[in-house]
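Here's the letter readout for the chains.
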Amino acid sequence: MTYSRIVGTGRYLPERIMTNADLEKIVDTSDEWIRTRTGVERRHVCAEDQTTSDMCIEAAKVAIEDAGISVSEIDMVITGTTTPDLIFPNISTIIQHKLGIPACTAFSLEAACTGFIYALTTADKFIKAGEVKCALVMGAECITKLVDWSDRNTCVLFGDGAGAVILKPSEEPGIISCHLGADGQYKDLLYYPVGASKDLATAGTAGAKIMMSGNEVFKVAVKTLGKIAMETLDDAGVSKEELDWLVPHQANIRIIQAMAKRLDMPMEKVIVTVQDHGNTSAASVPMALDVGIRDGRLKRGQLILMEAFGGGFTWGSVLMRL
Ligand code: COA
């Protein structure tokens, strides 16, 4: 059986860092409130003229070099993002062309914070089917461009960035098990009210800001992620004790701690970047993966569970050996 395996990773974070102290100057909040409720201490914010594809290209270059491949080998580009540069053409075509990747299958998909898990799962299927030999898979977001900086309920949470992986066929795992889910009944708990076919003219104005019922999101996230994590392990016939690492979506330290508790994992076995990155939506899992690999914690052959949850709601998890 052919598996797919991650053979290279990369990340890019914009230069500008905004600390909690910076936010104290903009809204009625405090470093103490933000840290204790969310775990966030700082976040990176993209420049006004910087786009999501700009960040993807930088992350992809690092992943390509890490994998030791040439761009000519890449035959699929998928980007999970809610903040593409343009409505069309899709962001993956922009990245493909700018990186000099030969014409290939290139598309983006939108699953809010679960975007990378959806993208990775999709690429895994193409590789297992034998239709793709080398996929560039990214999760990236300029989410701060949707943030209303006068709304303390949401502006303290988010940050920008891009994460990229190179996925290739392998005789050994690799990706073992993927689980995706979504339920639109929760749409009103977390959404951005403007889109290409709805109220586009008001985008970026005070009327259009991230709408979130934080408490409700929190509860459903913990419940759903716990369930899908166990389903993923059961499906693969793996016990939670066998897991080496949890690489979770970085929305809130308390959600991450709740997940670790469900899996009986000490926090020493969880990659946490929320303090430095904030919630970077689709970028958070691939960036956390890259952080863990580059600082030497995540090692070849280890069993890793990645999971994410986002607006929709959408959710997903991937169990893999690195
Ligand atoms: N600074 C200071 N006070 C703030 C604040 C801020 N940045 N944001 C909200 N508050 C206030 C509220 O106005 C409220 O005040 P009140 O009691 O006088 O009305 C109080 O803090 C408590 O608000 P509440 O929303 O109940 O706080 P919470 O403990 O639920 O924490 C979140 C809020 C957003 C941090 C938390 O609900 C959360 O993380 N939810 C999940 C969000 C998430 O992960 N979203 C993305 C999913 S992918």
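See the structure printed just above.
These numbers come from a predicted model, not from an experiment.

Re the nonpolar core
Core analysis: the biggest nonpolar cluster contains 42 residues, and Leu243, Leu246, Leu263, Leu305, Phe309, Phe313 and Leu319 have the highest contact counts within it. Taken together, the elements giving at least two residues each to this core come down to helix H7 (214–236), helix H8 (253–262), strand E12 (303–310) and strand E13 (314–321). Sort the elements by how many residues they give to this core and H7 lands first, with 8 residues. When residues no more than four places from it in sequence are discounted, the contact partners of Phe313 are Gly181, Ala182, Asp183, Tyr186, Leu189, Leu190, Val217 and Val220. One finds Ile6, Leu298, Ile304 and Ala308 within the second-largest nonpolar core, a separate group that totals 32 residues.

Thoughts on the pattern of salt bridges
Per the counting criterion, the structure on display carries 18 salt bridges. Notably, a salt bridge pairs Lys61 with Glu58, separated by 3.6 Å at the nearest N-O pair. Of this pair, Lys61 and Glu58 both sit in helix H3 (residues 52–67), 3 residues apart, which is roughly one turn of that helix. According to the relative accessible area criterion, Lys61 is partly exposed, its value standing at 44%. For Glu58, a relative accessible area of 33% gives the class partly exposed. The partner of Lys168 in a salt bridge is Glu73, with the nearest N and O atoms 3.2 Å apart. Highlighted residues: Lys168 in strand E7 (residues 161–170) and Glu73 in the loop between H3 and strand E4 (76–80), separated in sequence by 95 residues. Residue classification places Glu73 among the partly exposed positions, given a relative accessible area of 35%.

Describing the packing of aromatic side chains
One pass over the structure, following the stated rule, counts 3 aromatic pairs. Taking the centre distance of 5.0 Å and the plane angle of 20 degrees together, the rings of Tyr186 and Phe313 count as stacked. Taken together, the positions of Tyr186 in the loop between strand E8 (175–182) and strand E9 (190–191) and Phe313 in the loop between E12 and E13 put the pair 127 residues apart, joining distant regions of the chain. On the basis of an interplanar angle of 15 degrees and a centroid distance of 6.5 Å, the ring pair of Phe309 and Trp315 is categorised as stacked. When its relative accessible area of 5% is taken as the criterion, Phe309 is described as buried. Accessibility expressed as a relative area gives 16% for Trp315, which makes it buried. Taken together through their ring pairs, the aromatic side chains of Tyr186, Phe309, Phe313 and Trp315 make up a single cluster. Residue placement shows Lys187 over the ring face of Tyr191; its charged tip is 4.6 Å from the ring centre.

A closer look at the layout of surface pockets
In this structure, the second largest pocket spans a volume of roughly 190 Å³. Lining the second largest pocket, in full, are His179, Leu180, Gly181, Asp183, Tyr186, Val220, Lys223, Thr224, Lys227, Ile228, Glu231 and Trp315. Tallying contributions element by element places H7 first for the lining of the second largest pocket, with 6 residues. Residue composition of the lining of the second largest pocket, grouped by class: 5 nonpolar, 3 polar and 4 charged.

About the thresholds
- Every chain begins its residue count from 1, and numbering advances along the sequence as written.
- pLDDT decides what is reported in this predicted model: residues at 70 or higher carry local features, side-chain atom pairs at 80 or more are listed and counted, and totals for whole chains, interfaces and linings draw on all residues regardless.
- Where side-chain values are given, they derive from all heavy atoms of the structure, hydrogens and water being excluded.
- Here the nonpolar core consists of buried residues drawn from Ala, Val, Leu, Ile, Met, Phe, Trp, Tyr and Cys, with membership extended through side-chain atoms lying within 4.5 Å.
- Exposure is judged per residue with a 1.4 Å probe applied to protein chains only, and the accessible area is read against the type maximum: over 50% gives exposed, under 20% gives buried, and values in between give partly exposed.
- Segments assigned H or I by DSSP are reported as helices when at least four residues long, segments assigned E as strands when at least two residues long, and all are numbered from the N terminus.
- What makes two residues a contact is simply this: any of their non-hydrogen atoms within 4.5 Å.
- Should a side-chain nitrogen of Lys or Arg be within 4 Å of a carboxyl oxygen of Asp or Glu, the pair is scored as a salt bridge.
- Pairing of aromatic rings covers Phe, Tyr and Trp, the last through its six-membered ring, and needs centres within 6.5 Å; plane angles under 30 degrees mean stacked, over 60 mean edge-to-face, and all others mean tilted.
- Working rule: Lys NZ or Arg CZ, within 6 Å of ring centre, within 35 degrees of ring normal, means a charge sits over the ring.
- Cavities and pockets are found on a 1 Å grid laid over the protein atoms alone: a cavity is a set of points where a 1.4 Å probe fits but cannot escape, a pocket is an open set with protein on both sides within 12 Å along at least five of seven lines, and a lining residue has an atom within 4 Å of such a point.
- Grid points are joined across faces, edges and corners, and a volume is the space filled by probe spheres set on the points.
- Note on residue categories: nonpolar means Ala, Val, Leu, Ile, Met, Phe, Trp, Tyr, Cys or Pro, charged means Asp, Glu, Lys or Arg, and polar means any other residue, Gly included.

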